[in-house]
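Structural overview for review
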Amino acid sequence: MKIGVPKEIKTNENRVALVPAGAEALVAAGHTVVVETGAGDGSGFTDADYTAVGAQIAPDADATWAAAEMILKVKEPIEPEWKRIKKGQTLFTYFHFAADEKLTRAHLDSGATCIAYETVELPSRELPLLTPMSEVAGRMAVQEGAKYLEKLYGGRGVLLGGVPGVAPAKVVILGGGIVGINAAKMAAGLGAKVVLLDINLDRLRYLSDVMPANVQLIYSNHQNIREQISTADLVVGAVLIPGAKAPKLVKREDLKLMRPGAVIVDVAVDQGGCIETIKPTTHENPTYTIDGIIHYGVANMPGGVPRTSTLALTNATLPYVLQLANKGWRRALRENPALLKGLNVVDGRVTYAGVAEAFGLEAVDPAEALAEPALV
Ligand SMILES: NC(=O)C1=CN([C@@H]2O[C@H](COP(=O)(O)OP(=O)(O)OC[C@H]3O[C@@H](n4cnc5c(N)ncnc54)[C@H](O)[C@@H]3O)[C@@H](O)[C@H]2O)C=CC1
Ligand SMILES: CC(=O)C(=O)O
Ligand SMILES: [Mg+2]
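Because the structure is a prediction, the values reported are computed rather than measured. (Residues numbered from 1 in each chain as written. Chains lettered and ligands numbered in written order. Predicted model: local features only at pLDDT ≥ 70, side-chain atom pairs only at ≥ 80, totals over all residues. Heavy atoms only, no water.)

**As for the UniProt feature "active site" (unreviewed entry) in the chain**
- With numbering aligned to this structure, UniProt lists the feature "active site" (unreviewed entry) at His96 and Asp270. These annotated residues cover 175 residues of sequence, and their C-alpha atoms all fall within 6.4 Å of one another, placing them together at a single site. Taken from the residues named earlier, the lining of the largest pocket is made up of His96 and Asp270.
- Residue classification places histidine 96 among the buried residues on the basis of a relative accessible area of 7%.
- Setting aside residues no more than four positions away along its own chain, histidine 96 makes contact with Lys75, Leu103, Glu118, Asp270 and Gln271. (UniProt positions renumbered as here; feature names shortened; annotations may be inferred. 1 Å grid on protein atoms, 1.4 Å probe; cavity = no way out; pocket = protein on both sides within 12 Å on 5 of 7 lines; lining within 4 Å. Buried < 20%, exposed > 50% of the residue type's maximum accessible area, 1.4 Å probe, protein only. Contact = heavy atoms within 4.5 Å.)

**A short note on unusual backbone geometry**
- Unlike most non-glycine residues, histidine 96 shows phi in positive territory, near 50°.
- Topologically, histidine 96 is positioned in the loop between β5 (90-93) and α5 (101-110). (Helix = DSSP H or I, 4+ residues; strand = E, 2+ residues; numbered from the N terminus.)

**Overview of the environment of valine 267**
- With respect to the element layout, valine 267 can be found in the loop between β11 (263-266) and β12 (287-290).
- C-alpha of valine 267 to C-alpha of valine 53: the two residues are 214 residues apart in sequence and 36 Å apart in space.
- Apart from the residues lying within four places of it in its own chain, the contact partners of valine 267 are Ala137, Ala141, Val179, Val236, Gly237 and Met301.

**A few points about the sheet that holds strand β13 (residues 293-296)**
- Ordered in space as β9-β8-β7-β10-β11-β13-β12, the seven strands form an open sheet in which the pairing is mixed. Two strands bound the open sheet, and with one partner strand each, they are β9 (215-219) and β12. Each adjacent strand pair in this sheet contributes to an overall mean axis angle of 20°, direction not counted.
- In terms of strand pairing, strand β7 (residues 170-174) meets strand β10 (residues 234-237) through four bridges, oriented parallel. By the bridge assignment for β10, leucine 174 is matched with glycine 237. (Pairing = 2+ DSSP bridges. Axes fitted to C-alpha atoms, helices over the stretch in contact; angles between N-to-C directions.)

**Description of the side chain of glutamate 8**
- One can find glutamate 8 in the loop between β1 (2-5) and α1 (20-28).
- On the accessibility criterion, glutamate 8 (7% relative accessible area) is buried.
- Polar side-chain contacts of glutamate 8 include one of 2.8 Å to the side chain of lysine 73.
- Once residues within four sequence positions are removed from consideration, glutamate 8 is found in contact with Glu13, Arg15, Lys73, Val74 and Lys75. (Polar contact = N/O pair within 3.5 Å; in protein donor to acceptor, adjacent residues only side chain to side chain.)

**Some remarks on the domain arrangement of the chain**
- Structurally, the chain comprises domain 1 (2-119 + 305-371) and domain 2 (131-299).
- A separation of 30 Å is found between the C-alpha centroids of domain 1 and domain 2.
- Counting from both sides, the interface comprises 18 residues of domain 1 and, opposite them, 15 residues of domain 2.
- Of the roughly 1,400 Å² buried between domain 1 and domain 2 on both sides combined, carbon and sulfur atoms contribute 62%.
- Linking domain 1 with domain 2 are zero salt bridges, by the criterion used here.
- Secondary-structure elements contributing two or more residues to the side of domain 1 that touches domain 2 are α10 (306-335) and α12 (353-359). (Domains from an automatic or database assignment. Buried area = accessible area lost by both parts, 1.4 Å probe. Salt bridge = Lys/Arg side-chain N within 4 Å of Asp/Glu carboxyl O.)

**What about the packing of aromatic side chains?**
- As enumerated under the stated definition, the model contains five aromatic pairs in all.
- An angle of 85° between the planes, with centres 4.8 Å apart, marks the rings of phenylalanine 92 and tyrosine 117 as edge-to-face. One end of the pair, phenylalanine 92, is in strand β5; the other, tyrosine 117, is in the loop between β6 (113-116) and α6 (131-148), with 25 residues separating them in the sequence.
- For phenylalanine 92, a relative accessible area of 0% translates into the label buried.
- The interplanar angle of 70° and the centroid separation of 5.2 Å between the aromatic rings of tyrosine 148 and tyrosine 153 together place this pair among those described as edge-to-face.
- Using a relative accessible area of 7% as the deciding quantity, one classes tyrosine 148 as buried.
- An aromatic cluster of at least three residues, connected via ring pairs, comprises Phe92, Tyr94 and Tyr117.
- We note lysine 279 situated over the ring of tyrosine 288; from NZ or CZ to the ring centre the distance is 4.0 Å.
- Above the ring of phenylalanine 45, the side-chain terminus of arginine 307 is found at 4.6 Å from the ring centroid. (Phe/Tyr/Trp six-rings, centres within 6.5 Å; stacked < 30°, edge-to-face > 60°. Lys NZ or Arg CZ within 6 Å of the ring centre and 35° of its normal.)

**Describing the coordination of the magnesium ion (ligand 3)**
- Taken together, Lys75 (NZ) and Ala299 (O) make up the full set of protein donors to the magnesium ion (ligand 3), lying 2.3 to 2.6 Å away. With lysine 75 in the loop between β4 (70-72) and α4 (79-82) and alanine 299 in the loop between β13 and α10, the pair connects residues that are 224 residues apart, well separated along the chain. (Donors = N, O, S within 2.8 Å, 3.2 Å for Na, K, Ca; no water.)

Structure (structure tokens):
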């Protein structure tokens, strides 16, 4: 199979979807790998690192897309990339369709087969291709939150860990999945007082076994959330309903309960955000203020630490990339139910219920879409 790896063009997105070790594995399996010149630069991989393992370098994005039956990316194709998508081409990347109708319609119109990293799901309900980036983003959420709490950035001027004689800051985390547990570990390690809320009681029980004593676990409902954020310095949004739009847990009027200069980092912004007032921002311009509360809404946080993130992401994606390349998307999805869960759009139809629901579209059963020979 011919596999294309374009350079990411979203603002300050320096990750790349395939590292030289992955290119080597694909070439060894008999595939042709075409990498856009400079695609690996931001993560510390040169064109020469790719050619050394048998990949080809394309001079620009057009040539990379045109050559490929399957495109490997990190972020969803953005508007300048849409014209390059070919009917029947397989796209394997993060999409987050439910948060963006225009993006969804562009991919429906393209006729491409869109397999989303974020909805690949194991029988255990784990999301193996979201997990590594959630680990990065959860850890970063505390780093970024700590920065914007500094007075210089408009924050309350509070140090997360406090010092002897002065109380530590309070960090409230909404959602105790991968982002939540990683944020909690970091905040607790720095000495903050941490409160984590989730609706999954089994998850709260598990967290109570593994978390240190400065992490308190509370059931998530609107009343408890309002009570907790009223004394928070940093709030981290970390909820997820896989593939669907995030529920709005903090309403606009709730901001009035919060302390001026408190910071919200809504990691869930890529699925629309769990804070009513959040909107997507970029690494270049990450924050804005509403009612005295600093909002951080970067939708590709791991892009800020591309070396770590690229390695972590590609460790997880490569086994799936090899299955898609070796078997073609139909057989790979038929033989791997986890990968089948990743199918969001095929031949102009939505195959993921959460995405269809977000825009009032009809969802086609992915197994049914697979069964149609016309879509080979
Ligand atoms: N902004 C960025 O750069 C990045 C964003 N993300 C996003 O972060 C979000 C969280 O991802 P993960 O932690 O991997 O998901 P996860 O599935 O591991 O955890 C989500 C948690 O939210 C909980 N939850 C659901 N409804 C809730 C409610 N009403 N109140 C409290 N908790 C609730 C679930 O029980 C679950 O424990 C996703 O939207 C993901 O796409 C992930 C990586 C990077
Ligand atoms: C998960 C995601 O959207 C990201 O890593 O950018
Ligand atoms: Mg994202």
